[in-house]
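# Summary of the model geometry
Single-letter residue listing:
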Amino acid sequence: MKRFFIGALAFIGALSVLFVVGVVGLLMLASASKPGVPSNLVLELDLQQPLPEYTLDTSLAGAFGDAPTSLRDVVEGLEQAGKDPRVKSLVVRVGQPGSSAQVQELRDAVKAFRATGKRAVAYADGFGEAGNGTGAYYLASAFDSVFIQPSGDVGLTGLALETPFARDAFEKFGVKAEYGKRAEFKNAVNTFTDNAYGAAQREATEAYGGSLFRQVVKGVAEGRKLTEDEVRALIDRAPFMGQKAVDAKLVDGLRYRDEIYDELKQQAGDGAQFLYVDKYLERAGRPNQTGTTVALIYGVGEVLRGKSQSNPLSGGQVMGGDTVAAAFRKAVEDPNVKAILFRVDSPGGSYSASDTVRREVQRAREAGKPVIVSMGTYAASGGYYVAMAADKIVAQPGTLTGSIGVYNGKFVTADFWAKFGVNFDTIAFGRNATFSSTDLDFTPEQRTQFEAELDDIYLDFTSRAAQARNMPLEKLQAVAKGRVWTGEDALERGLVDALGGYAKALELVREAAKLSKDAPVRLQVFPRPKATGQVLSELLGKNDADNSDDDAAGAQAGVAPRVLEQVRAVYRVGAKLGLTEQGPEGRMLYAPMPELRW
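Now for a look at the structure at hand. Not measured: the values here are computed from a predicted model.

Further remarks concern the overall build of the protein. Counting secondary structure elements, the protein contains 23 helices and 26 strands. Counting across all 598 residues of the protein, residues that qualify as buried make up 49%. By sequence separation, contacts in the protein at least 24 residues apart represent 78% of the contacts at least 6 residues apart. Accessible surface, the protein: about 27700 Å² in total, of which carbon and sulfur atoms supply 53%.

This paragraph deals with the layout of surface pockets. Picture a little ball the size of a water molecule; that probe, rolled over the atoms, points out where space is still empty. In this structure, the second largest pocket encloses a volume near 970 Å³. Sorting the residues of the lining of the second largest pocket by element identifies helix H3 (71-82), helix H4 (100-114), helix H8 (199-224) and helix H20 (502-512) as the ones contributing at least two each. Ranked by residues supplied to the lining of the second largest pocket, first place goes to H4 with eight residues. Here the residues of the lining of the second largest pocket sort into 14 nonpolar, eleven polar and 16 charged.

With that out of the way, let us pick up unusual backbone geometry. Cis geometry is found at the peptide bond from alanine 238 to proline 239, where omega equals 10 degrees. Here proline 239 shows up in the loop between helix H9 (228-237) and strand E8 (240-241). Here the amide bond leading from phenylalanine 526 into proline 527 is cis, since omega sits at -5 degrees, within 30 degrees of zero. Along the chain, proline 527 falls in the loop between strand E23 (521-526) and helix H21 (532-539). Positive phi outside glycine occurs at lysine 481, with the angle close to 55 degrees. Mapped onto the secondary structure, lysine 481 falls in the loop between helix H18 (473-479) and strand E21 (484-485).

Before going further, it helps to spend a moment on the nonpolar core. Nonpolar side chains in soluble globular proteins tend to be buried together. Core analysis: the largest hydrophobic core is formed by 61 residues, its most contacted members being Leu43, Leu90, Phe127 and Val154. Looking at this core element by element, the count peaks at six residues for H8. Every residue in contact with valine 154, bar those within four places of it in the chain, is listed here: Phe127, Tyr137, Ile148, Ala238, Pro239, Phe240, Ala245, Leu250 and Val251.

Right, let's get into a nonpolar patch on the surface. Among the surface-exposed residues, Trp417, Phe420, Val422 and Phe424 lie close enough to one another that they form a single nonpolar patch of about 410 Å² accessible area. If you trace the backbone, valine 422 turns up in the loop between helix H16 (414-418) and helix H17 (444-468). Taking the relative accessible area as the measure of exposure, valine 422 reaches 32% and is therefore partly exposed.

Here the focus is empty space enclosed by the protein. Taken as a whole, this structure holds one cavity of 30 Å³ or more when the rule is applied. Of the voids in this model, the largest cavity is the one considered here, and its volume is about 40 Å³. Elements with a minimum of two residues in the lining of the largest cavity: strand E1 (41-47), H3, strand E2 (87-94) and H4. The residue inventory of the lining of the largest cavity, partitioned by class, reads ten nonpolar, no polar and no charged.

Turning our attention to the pattern of salt bridges. Tallying each qualifying case throughout the model produces 33 salt bridges. Between arginine 72 and glutamate 76 there is a salt bridge, with the nearest N and O atoms lying 3.1 Å from each other. With arginine 72 and glutamate 76 both in helix H3, this residue pair falls four residues apart, about one helical turn. The two residues arginine 72 and glutamate 76 agree in class, both being buried. The partner of glutamate 507 in a salt bridge is lysine 504, and the shortest N-O contact between them spans 3.0 Å. Of this pair, glutamate 507 and lysine 504 are both found in helix H20, three residues apart, which corresponds to roughly one turn of the helix. Residue glutamate 507 is classed as partly exposed on the basis of its relative accessible area, which comes to 37%. Residue classification places lysine 504 among the partly exposed residues on the basis of a relative accessible area of 25%. Taken together, the salt bridges that share partners define one network made up of Glu178, Arg182, Arg447, Glu451 and Asp455.

This part covers helix H13 (residues 321-333). Taking 1.5 Å as the rise per residue, H13 with 13 residues should run 18 Å; its terminal C-alpha atoms sit 18 Å apart, in good agreement. Considered for burial, the residues of H13 that qualify are Gly321, Thr323, Val324, Ala325, Ala326, Ala327, Phe328 and Ala331.

What follows is about the environment of glutamine 396. The topology assignment puts glutamine 396 in the loop between strand E18 (392-395) and strand E19 (400-402). Glutamine 396 gets classed as buried once you look at its relative accessible area, which sits at 2%. Separated by 104 residues in the primary sequence, glutamine 396 and glycine 500 have C-alpha atoms spaced 4.8 Å apart. Leave out the neighbours within four places in its chain, and glutamine 396 touches Ala101, Gln104, Glu105, Asp108, Met375, Gly487, Glu488, Leu499, Gly500 and Gly501.

As a further point, take the pairing of E1. Burial analysis of E1 places six of its seven residues in the buried class, the great majority of the element. Two elements, E1 and strand E10 (residues 273-276), share four bridges in a ladder whose sense is parallel. Looking at E10, one finds that leucine 41 is bridged to glutamine 273. Here seven bridges tie E1 to E2, and the two strands are oriented parallel to one another. Following the sheet pairing, leucine 43 is matched in E2 by leucine 90.

Ordered by their spatial adjacency, six strands build an open sheet running E9-E4-E3-E2-E1-E10, and the pairing between neighbours is parallel. Unpaired on one side and paired on the other, strand E9 (253-254) and E10 mark the two borders of the sheet. Note that strand E3 (residues 119-124) and strand E4 (residues 145-148) share four bridges and pair parallel. The partner of tyrosine 123 across the bridge, within E4, is phenylalanine 147. Seen against the sheet, H4 touches E1, E2 and E3 and runs at an angle of roughly 140 degrees to E3.

Next up on the list: the environment of arginine 359. Note that arginine 359 resides in helix H14 (residues 351-366). Linking arginine 359 and alanine 389, residues 30 residues apart in sequence, is a C-alpha distance of 8.4 Å.

Right, let's get into the side chain of glutamine 104. By secondary structure assignment, the location of glutamine 104 is in helix H4. Setting aside chain neighbours within four positions, we find glutamine 104 in contact with Tyr138, Gln215, Gln396, Pro397 and Gly398.

Their axes nearest at 9 Å, the elements H8 and H9 cross at an angle of 110 degrees. When the interaxial angle is binned, H8 and H9 end up roughly perpendicular. Helix-helix and strand crossings are classified by hand; for H8 and H9 the assignment is right-handed. On H9, the residues touching Phe213, Arg214, Val217, Lys218, Val220 and Ala221 of H8 are Glu228, Val231, Arg232 and Ile235. Partitioned by chemical class, the residues of the contact of H8 with H9 number six nonpolar, no polar and four charged.

Reading guide: rules and limits
Residues numbered from 1 in each chain as written. Predicted model: local features only at pLDDT ≥ 70, side-chain atom pairs only at ≥ 80, totals over all residues. Heavy atoms only, no water. Helix = DSSP H or I, 4+ residues; strand = E, 2+ residues; numbered from the N terminus. Buried < 20%, exposed > 50% of the residue type's maximum accessible area, 1.4 Å probe, protein only. Contact = heavy atoms within 4.5 Å. Areas by Shrake-Rupley, 256 points an atom, 1.4 Å probe, with all protein chains shown as cover. 1 Å grid on protein atoms, 1.4 Å probe; cavity = no way out; pocket = protein on both sides within 12 Å on 5 of 7 lines; lining within 4 Å. Points joined across faces, edges and corners; volume = space filled by probe spheres on them. Nonpolar A, V, L, I, M, F, W, Y, C, P; charged D, E, K, R; others polar. Core = buried A, V, L, I, M, F, W, Y, C linked by side-chain atoms within 4.5 Å. Patch = residues over 30% accessible without salt bridge, like charges linked within 9 Å, V, L, I, M, F, W, Y side chains within 5 Å. Salt bridge = Lys/Arg side-chain N within 4 Å of Asp/Glu carboxyl O. Expected span 1.5 Å × (residues − 1). Pairing = 2+ DSSP bridges. Axes fitted to C-alpha atoms, helices over the stretch in contact; angles between N-to-C directions. Parallel < 35°, antiparallel > 145°, perpendicular 65-115°, else oblique. Left-handed = near helix turned anticlockwise from the far one by under 90°.

What follows is the structure in structure tokens.
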């Protein structure tokens, strides 16, 4: 019997070894048969939907290489393609390209690609189709040529900023908003307490929107070789159908997709093939993969305590203070890392979580690792708080920046429940045990304490910002007050140091690390991407962390981000009204972005 068991175990062991060998062999075969880059190609990109800034590596799809193409993927793909003689041109279908800062990042990448002498063509069935296509057309205007179908239009109608106000609705339902803010431009709470734009909010919103509008006008004028006055006049006459768009010099012709592709293929020469930008990047390899190591750390989404995670309902991500802080510690501990590029794309959130990250930025600099921040769509409130201690801050002209302020409060819902015959009674032990209760208003003493807390946090925020930005406190407070600025306006006021995206940030990284202007750098994401096996084990509930830093550097796995898009739409409406996001106690440094219609 013993021999039988020994033989059985040996047989199982042999099968295991053969299985492992077979898997390795299949992987090697797959690697060997991996398609290469065609010798003559046209790059292709579909921008029907906005590109994600970053995707957490906690999803099973991401583990197997099916993560969506990110903004950085496209920027680096075009950078690599510009230097590759096999790539002859670029064709992009433009649809919904995203925020103003994302559009500007893409415009920069396209213009850099064109600067290498290669052609870039944008096309669409139409820009807007009786709707607003300004953002899409703004991106398209950076290309050599722009085409629409004969049935298409150019809805270059300008931009509008929309903010919901729900005070009257809350009153009807018996909900009372007990909120406070610092200072007058901290407009996050106005959705709950007002029924229209007040003077301060209107001033800030008009200034922000006006700055964006000027940027669009300037970009379109430069791209289409028109004067800014001509572009403004065209915007006031838009939309333009078909031939009228050609006559207005907004598009170069009326062509269908097949006609555009046939022309590009003929221009590229014999054997030309089309290849998606992400596939090209996968096969050709990324730029910035050799040379001095620079840590790339992402701070994406609302700032909250704990680990970074994805929100399956909003489709967004959470910047976990613990995760980002641990990434900084890991980067500082790595002797190969000479500098840190911190990519921030956040509307803010938790005060304490923001301070956790800010502290690690400061400690990294004290350890001799310079930190350069590159801002994405927004770095506002807590998003600015985590960035302000860096050596240098880079923003796109359209990046929503600042909102140096604070708000807090609660909804009192006792009257709402009373309408349904539900009454709450409370027995409290401790004078302030009901401080956060949604059943009771603040007592006068609690209100005084609440207001004092807002004063303390605002003073802390502005004092730290003034110190970080090397300006007198009075000067900093004059541009703070909870007000949002575009990156362009923020530069004029000393809140950022330069305008641009990844390319500009890397230029400043080299400078801070005392490298030559063209020195090669190796961008290494921190925390390091997880292996497929680790992702699988974590999805099954296994924790392989050896210590708290390893644990914090991970992220919480969430449901696949493509789930229930219709539910997401409802969720986003609720989020604007403060009904579906985390409670106000976790969002003291938060600046929701106005709804931009363009």
